[in-house]
Amino acid sequence: MEKKPTVLSGIRPTGNLHLGNYFGAVKNFVKMQETNDCYFFIADYHMLTTHPNPKDLQGNVRQVIIEYLAAGLDPEKATLYLQSDIPETAELYLFLNMNAYMGELERVTTFKEKARKQPDNINAGLLTYPTLMAADIIIQRAHLVPVGKDQEQNLEMTRTFARRFNRMYKVDYFPIPKAYNFNDELVKIPGLDGSGKMGKSEGEGNAIFLNEDPKMIHKKVMRAVTDSGPTEMNQQKPEPIQNLFELMKVVSKPDVIEHFNDQYNNCTIRYGDLKKQLAEDIIAFTAPFYERIKELSSNEDYITKVINMGAEKARENAVKTIRDVREIIGFRKIY
Ligand code: TRP
């Protein structure tokens, strides 16, 4: 039987999961774990580029694990682990850095953006972010990397570094990973502030989180941006209204959507009613996640067990790679 491609993706631990994250990425991870050998990790080494407080680090990382488990990742099916539990990644990162050039690293868009955003902290880790990301990917010899558009250039760098290693040592060792685009399966979730997609950096009230209290969801939805209502039959919906209908598409029943759509088209719609319904449907949708997050949060031993299990499996595979790589480079066998 042909081996299924290995899938790997890194998760930035930057706060709680919202509906945009869920429909944009996590839901697809949950699906992929059924059919592929999947590795998903929390990118906590990468987080050091912004110098987080040691007191917050563990808690934040565990919270992300809890939310991904609540969202449906199954530690028996996918390998779920912390980047920093695989120190072999740092060794491979060192090797890759020897063949990564200043010029190519400086040209990376995400580097330029971060340098602009934190001019007082343009550290070497920021510059070499793509070599660490490459190490994450190729240490598990992954084939497919589900990432958003913003990460495609970083992934192209990974391909370059993997090819360069193979060429330099005249080996056919690392698979050249491909970006995996969800395309059709990708659902863009708009925010509640009238324009653009859901995101936590767009300000309070724009995003709805999987662990959001029902009362808060109600409040946020009732405050969502609308307009003064349709004035002509069958007129096109402006963006803020279209956004509310888009949200309904993922949480409400088709006949409910049709009902409000008809009301919009004959100008009898009351946005208050629509929002009330939308809030109810979002609450019904998020309730099981909310409950599971609560349950998992009170089960510290289980979370530790999951993290240990993932570390063990991911590490076993990483040690295999680093052992080969050291041999290819010409170092002594130590692992
Ligand atoms: N750079 C990714 C992001 O910002 C996170 C990440 C780190 C990653 N290492 C990775 C993604 C390896 C895919 C594969 O979202």
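Residues numbered from 1 in each chain as written. Predicted model: local features only at pLDDT ≥ 70, side-chain atom pairs only at ≥ 80, totals over all residues. Heavy atoms only, no water.

1. Regarding the site of the ligand
Argument step 1. By nearness alone, 13 residues border the ligand, and Gly10, Arg12, Tyr129, Asp136 and Gln151 come closest of all.
Argument step 2. The separation between a nitrogen atom of the ligand and a polar side-chain atom of tyrosine 129 is 2.7 Å.
Argument step 3. The contact in question runs from a nitrogen atom of the ligand to an N or O atom on the side chain of aspartate 136, over 2.8 Å.
Argument step 4. Relative to its free-state accessible area of 360 Å², the ligand is covered by the protein chains to the extent of 95%.
Argument step 5. Of all the secondary-structure elements, those providing two or more residues to the shell around the ligand are β1 (6–11) and α8 (129–139).
Argument step 6. In terms of residue count, the dominant contributor to the shell around the ligand is α8 (4 residues).
Argument step 7. Broken down by class, the residue content of the shell around the ligand amounts to 7 nonpolar, 4 polar and 2 charged. (Near = heavy atom within 4 Å. Polar contact = N/O pair within 3.5 Å; in protein donor to acceptor, adjacent residues only side chain to side chain. Areas by Shrake-Rupley, 256 points an atom, 1.4 Å probe, with all protein chains shown as cover. Helix = DSSP H or I, 4+ residues; strand = E, 2+ residues; numbered from the N terminus. Nonpolar A, V, L, I, M, F, W, Y, C, P; charged D, E, K, R; others polar.)

2. Quick look at helix α13 (residues 271–297)
Argument step 1. In this model α13 runs 37 Å from its N-terminal to its C-terminal C-alpha over 27 residues, within 8% of the 39 Å that 1.5 Å per residue would give.
Argument step 2. Of the positions making up α13, those classed as buried are Tyr271, Leu274, Lys275, Leu278, Ala279, Asp281, Ile282, Thr286, Phe289, Ile293 and Leu296.
Argument step 3. Summarising the contacts, the buried residues of α13 are in contact with α1 (19–32), α3 (54–70), α10 (214–222), α11 (239–251), α12 (254–265) and α14 (300–329). (Expected span 1.5 Å × (residues − 1). Buried < 20%, exposed > 50% of the residue type's maximum accessible area, 1.4 Å probe, protein only. Contact = heavy atoms within 4.5 Å.)

3. Quick word on the packing of aromatic side chains
Argument step 1. Under the counting rule described, the total for this entry stands at 12 aromatic pairs.
Argument step 2. Aromatic pair phenylalanine 23 and phenylalanine 285: ring centres 5.4 Å apart, planes at 25°, arrangement stacked. Of this pair, phenylalanine 23 sits in helix α1 while phenylalanine 285 sits in helix α13, and the two are 262 residues apart along the sequence.
Argument step 3. A centroid spacing of 4.3 Å and a plane angle of 15° characterise the contact between phenylalanine 29 and phenylalanine 40, whose relative ring orientation is stacked. (Phe/Tyr/Trp six-rings, centres within 6.5 Å; stacked < 30°, edge-to-face > 60°.)

4. A look at the pattern of salt bridges
Argument step 1. Within this structure, the stated rule accounts for 13 salt bridges.
Argument step 2. Here arginine 315 makes a salt bridge to glutamate 88, at a shortest N to O gap of 3.0 Å. Highlighted residues: arginine 315 in helix α14 and glutamate 88 in helix α4 (residues 88–97), separated in sequence by 227 residues.
Argument step 3. What makes arginine 315 partly exposed here is its relative accessible area of 36%. (Salt bridge = Lys/Arg side-chain N within 4 Å of Asp/Glu carboxyl O.)

5. With respect to the packing of α3 against α13
Argument step 1. Where α3 meets α13, the closest approach of the two axes is 9 Å, and the angle between their N-to-C directions is 135°. Our classification of the angle between α3 and α13 gives oblique. The handedness of the crossing between α3 and α13 is right-handed. Contacts between α3 and α13 involve Gln63, Ile66, Glu67, Leu69 and Ala70 from the first element and Phe289, Arg292, Ile293, Leu296 and Ser297 from the second.
Argument step 2. In terms of residue class, the contact of α3 with α13 is made up of 6 nonpolar, 2 polar and 2 charged. (Axes fitted to C-alpha atoms, helices over the stretch in contact; angles between N-to-C directions. Parallel < 35°, antiparallel > 145°, perpendicular 65-115°, else oblique. Left-handed = near helix turned anticlockwise from the far one by under 90°.)

6. Topic: the pairing of β1
Argument step 1. Among the 6 residues that make up β1, 5 are buried, leaving the element largely enclosed by the rest of the structure.
Argument step 2. In this sheet, strand β2 (residues 37–42) lies alongside β1 in parallel orientation, the contact comprising 6 bridges. Paired with valine 7 across the strands is cysteine 38, a residue of β2.
Argument step 3. The β-α-β motif built from β1, the intervening α1 and the parallel element β2 has right-handed crossover chirality. (Pairing = 2+ DSSP bridges. Right-handed = clockwise from strand over helix to strand, strands pointing away.)

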